[in-house]
Amino acid sequence: MSLGIAVRHSACRRCTKCIRSCPTRAMRIFQGMVRVDDELCMGCGECIRVCPWKAIEVRQDSWDTIRKNQNLLLTADPSFYVQTGSSGRTGALQDSLTRLGFEDISDYISTAYDLAALAIGRQINERKPEELPLISTYCPAVLRLIQLNHPELIRHLVGVESPLEIGIDYWRNTTGRGESVALIAPCPAMSQLQSLPAGRVKSNFDHVVIIRQVIRTLISEGMAGNELPRSFERHGRWLMWALHGGETRHIAATMGRPLTSIVATGIRNVQDLLNELELGRLGCVEYLECRMCDQGCLGGVATSESRFMSLVRLQNLNINWTLNKEERERLLELYATDLWRFSAPIQALEQKSLSGDIQEAMTRLRKMNEIYTTLPGIDCGSCGHPSCRAMAEDLARGEGEITNCIFKLKERITDLSTQIFELCGKNPETPTSLREHEIDGREGVQE
Ligand code: SF4
Ligand code: SF4
């Protein structure tokens with residue numbers, strides 16, 4: 001498995017909606033097929049949302065293969081647990097997975113969420129006011145957006161790993177076991193974690209399957225009921241990370257004081273908030289909880305339930321936000337192990353430059369500007385490029401043809417027809433009569 005999305009070319013109608021909607025301009029139509037630049041794709045799933053023909057999917061491993069593998073552990077994003085209606089029996093979904101042969105390790109995962117919240121709170125407390133706000137690294141799509149489009153904000157990222165990764169490390173360290181692990185993911189960004197881990201060299205996840213796939217299978221086999229984990233009564237805090245504001249509330253609970261945080265969900269809001277931070281307008285704010293999906297991970301493109309229904313379910317939970325003495329002591333021990341810390345740096349990801357050579361890049365930049373001034377500037381996307389500027393940039397790099405633009409094509413056709421018309425007017429008539437003389441063998445005969 002490689003990155004987060006795959007295009008089913010047989011279903012694609014080349015409507016260009018995905019290309020125009022991509023926030024990082026990672027998509028093009030090339031030789032009649034939608035192509036995705038893996039280096040630019042952040043896994044937000046916007047292309048999946050806008051495709052009217054359902055031609056784009058989240059990449060995943062085969063659920064049938066995963067469920068037949070008895071030597072495999074399964075773990076899930078919290079949004080997995082609020083996908084179907086409640087039957088009033090805590091643990092039914094976990095029982096279903098256990099019946100399929102999967103061991104329940106959600107106790108380790110929920111402790112990892114507590115640990116992540118504690119570690120984030122401590123980092124906020126340790127920073128000088130001018131170094132705040134810190135930005136959550138929980139949503140891998142936001143993290144990648146910052147790496148791609150806002151590299152100067154990398155210093156604001158909180159240096160705490162995904163609790164899903166921490167949980168597996170914690171389970172391995174405690175049990176000494178080393179089985180492969182599959183993640184049940186709500187989106188392409190989490191699916192990408194397996195091949196593009198954030199803040200670590202290698203992910204703990206060997207396989208990824210999407211929430212919708214697992215839930216549908218369980219429902220079709222009559223195995224899905226109330227999906228709250230058995231440990232819910234003790235550890236419900238971690239489930240709230242699926243909902244906007246849940247992470248902030250959890251951090252504040254471990255800090256024992258209110259946290260000045262801004263919660264932004266949805267691409268547009270996240271982009272606006274990051275721009276405001278760049279402009280230095282978020283003076284007294286301590287933390288930014290950003291999620292690419294509306295309402296948080298509940299709104300991930302690979303979930304099966306309406307985000308509004310999942311929201312209602314989570315809001316109705318009676319969460320115990322207070323850590324008891326025993327939990328706090330265990331967390332402090334775990335905190336001292338540095339299990340939560342990034343083990344690899346988060347680096348800026350290079351945007352595709354015009355050329356590695358500065359002189360060549362300057363020449364191409366001039367060419368790009370020249371081409372751009374000749375384009376209509378309406379960003380219709382018919383050329384297969386996300387905007388007129390992107391088209392000019394690609395052409396300056398030598399990728400594509402100017403006649404991919406329908407307006408330039410029309411101009412070219414008009415020019416050619418004018419030329420043909422003019423040439424027709426100049427067409428001499430003599431050769432026809434000459435050839436007739438040759439065929440008749442009456443060369444030189446005068447009438
Ligand atoms: S949105 Fe993209 S993948 Fe879907 S049909 Fe249109 S061009 Fe094809
Ligand atoms: S908000 Fe959650 S579901 Fe959406 S892209 Fe981010 S991690 Fe994935």
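Along each chain, residue indices are assigned from 1 in the same order as the chain's sequence is written. Just so you know, chain letters begin at A and ligand numbers begin at 1, following the order they were written in. At least 70 in pLDDT is required for a residue's local features to be given in this predicted model, at least 80 for side-chain atom pairs to be given and counted, and no such filter applies to totals for whole chains, interfaces and linings, which use all residues. Hydrogen atoms and water are omitted, and side-chain values are computed over all heavy atoms in the structure.

Caption draft 1: Quick look at helix α6 (residues 140-149). Partly exposed describes any residue whose relative accessible area lies between the buried limit of under 20% and the exposed limit of over 50%, with all areas from a 1.4 Å probe on protein chains only and scaled to the type maximum. Numbering of helices and strands starts at the N terminus; helices are DSSP runs of H or I of at least 4 residues and strands are runs of E of at least 2. Here α6 lies mainly inside the structure; 9 of its 10 residues are buried. Within α6 the residues assigned to the buried category are P140, A141, V142, L143, R144, L145, I146, Q147 and L148. Here a residue-residue contact requires only that any non-hydrogen atoms of the pair lie within 4.5 Å. Contacts from the buried residues of α6 go to β6 (134-135), α8 (188-192), α12 (267-278) and β10 (287-291).

Caption draft 2: Here's a closer look at a nonpolar patch on the surface. Exposure above 30% relative accessible area and the lack of any salt bridge qualify a residue for a patch; like charges then connect within 9 Å, and the nonpolar side chains Val, Leu, Ile, Met, Phe, Trp and Tyr within 5 Å. Here the Shrake-Rupley method, with its probe set to 1.4 Å, supplies the accessible areas, and only the displayed protein chains count as covering residues. The salt bridge definition used is simple: a Lys or Arg side-chain nitrogen within 4 Å of an Asp or Glu carboxyl oxygen. A contiguous nonpolar surface patch, about 280 Å² in accessible area, is contributed by I358, M362 and L365. The residue M362 is located in helix α15 (residues 358-374) in this model. On the basis of relative accessibility, which here comes to 40%, the residue M362 falls in the partly exposed class.

Caption draft 3: The arrangement of the site of ligand 2 in detail. The environment of ligand 2 is made up of C139, P140, A141, P186, C187, M190, R291, M292, C293, C297 and G300. For this scheme, ten residues count as nonpolar: Ala, Val, Leu, Ile, Met, Phe, Trp, Tyr, Cys and Pro. Four count as charged, namely Asp, Glu, Lys and Arg, and the remainder, Gly too, count as polar. Residue composition of the shell around ligand 2, by class: 9 nonpolar, 1 polar and 1 charged. Residues are labelled near a given molecule or strand when at least one of their non-hydrogen atoms is within 4 Å of it.

Caption draft 4: Molecular detail of the nonpolar core. Ranked by size, the top nonpolar core spans 98 residues in total, and within it F80, I124, I135, M292 and L314 carry the most contacts. Side-chain atoms within 4.5 Å link the members of a nonpolar core, which is a set of buried Ala, Val, Leu, Ile, Met, Phe, Trp, Tyr and Cys residues. One finds V7, C18, I210 and V301 within the second-largest nonpolar core, a separate group that totals 23 residues.

Caption draft 5: Representation of the environment of T24 within the structure. Considering the arrangement of structural elements, one finds T24 in the loop between α1 (17-21) and β2 (27-30). Sequence separation between T24 and E39 is 15 residues, and the spatial gap between their C-alpha atoms is 10.0 Å. If we skip the residues at most four places from it in the chain, T24 touches L40, C41, M42, L145, L148 and N149. Within the structure, T24 has its side chain in polar contact with the backbone oxygen of L40 (distance 2.9 Å). Between N or O atoms, a polar contact is any pair within 3.5 Å; within protein, one atom must be a potential hydrogen donor and the other a potential acceptor, and residues adjacent in sequence are included only when both atoms are from side chains.

Caption draft 6: Up close: the packing of aromatic side chains. Only rings of Phe, Tyr and Trp enter the pairing, Trp through its six-membered ring, and a pair is recorded when the two centres are within 6.5 Å. The plane angle decides the type: under 30 degrees is stacked, over 60 is edge-to-face, the rest tilted. Per the stated rule, a full pass over the model turns up 9 aromatic pairs. The interplanar angle of 70° and the centroid separation of 5.3 Å between the aromatic rings of Y108 and Y170 together place this pair among those described as edge-to-face. Linking Y108 in helix α5 (residues 106-126) with Y170 in helix α7 (residues 163-175), this pair joins segments that are 62 residues apart in sequence. For Y108, a relative accessible area of 21% gives the class partly exposed. Residue Y170 is classed as buried on the basis of its relative accessible area of 11%. Here the aromatic rings of Y335 and W340 are separated by 4.9 Å at their centres, their planes lie at 10°, and the arrangement is stacked. Among the aromatic side chains, those forming a connected cluster through ring pairs are F80, Y81, Y113, Y138, W238 and W241. The aromatic ring of W53 is capped on one face by R13, whose charged end is 3.8 Å from the ring centroid. Whether a charge sits over a ring depends on NZ of Lys or CZ of Arg being within 6 Å of the ring centre and within 35 degrees of the ring normal. Residue placement shows R389 over the ring face of Y372; its charged tip is 4.1 Å from the ring centre.

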